[in-house]
Amino acid sequence: MIAEAPVERPAHWHPAATSHDNNEQLKSLFWFHRQIDAGMLQEYDGRYIAILGEQVVDSDADPKVLCKRVDAKYGLEANVLVKGLVPVPNWK
């Protein structure tokens, strides 16, 4: 019998999101868009942000750096994090 080698996953790998995770992400995504529409995220203009629930938990100009830092800090909870870019208004 041939033994199968264990599957190596990247350090930032997380199990598939559950339906609960998806619901939490959707709630955060709606909050994100409401905050942008209300002009409440101006301090993050042009930056990538990570949102957990209804709170910005981290931001960075580089999305890869942000993802690495957030994955390291939040582990499995990263399945419910929403990451997005805060647009810079045209008038700036």
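Keep in mind it's a predicted model, so treat the numbers as computed, not measured. (Residues numbered from 1 in each chain as written. Predicted model: local features only at pLDDT ≥ 70, side-chain atom pairs only at ≥ 80, totals over all residues. Heavy atoms only, no water.)

Remarks on helix α1 (residues 19–37)
The α-helix winds at 3.6 residues per turn, so residues separated by three or four positions along the chain end up facing the same way.
At step 1: For α1, built from 19 residues, the straight-helix expectation of 27 Å at 1.5 Å per residue is met to within 8% by its first-to-last C-alpha distance of 27 Å.
At step 2: Of all the residues in α1, the buried ones are Asp21, Ser28, Trp31, Phe32 and Gln35. Summarising the axial view, the buried residues of α1 lie within an arc of 105°, below the 170-degree limit, and thus occupy one face. Away from its buried face, by an angle of more than 90 degrees, α1 presents the exposed residues Ser19, Lys27 and Asp37.
At step 3: Buried-residue contacts for α1 involve β1 (48–52), β2 (55–60) and β3 (82–85).
At step 4: At the C-terminal side of α1, Gly39 shows a positive phi close to 75°. (Helix = DSSP H or I, 4+ residues; strand = E, 2+ residues; numbered from the N terminus. Expected span 1.5 Å × (residues − 1). Buried < 20%, exposed > 50% of the residue type's maximum accessible area, 1.4 Å probe, protein only. Arc of directions from axis to C-beta. Contact = heavy atoms within 4.5 Å.)

Structural notes on the sheet that holds β3
At step 1: Spatially, β2-β1-β3 is the arrangement adopted by the three strands of the open sheet, whose pairing is antiparallel. Single-partner strands in this sheet number two, and they are β2 and β3. The average undirected angle you get between the axes of adjacent strands in this sheet is 25°.
At step 2: Across the sheet, helix α2 (residues 63–74) is in contact with β1, β2 and β3; its angle to β2 comes to roughly 135°. (Pairing = 2+ DSSP bridges. Axes fitted to C-alpha atoms, helices over the stretch in contact; angles between N-to-C directions.)

Side note on the environment of Pro87
At step 1: When you line up the elements, Pro87 lands in the segment after β3.
At step 2: Classification of Pro87 by relative accessible area gives partly exposed; the value is 41%.
At step 3: Here the alpha-carbon distance between Pro87 and Ile36, two residues 51 residues apart in the chain, equals 8.4 Å.

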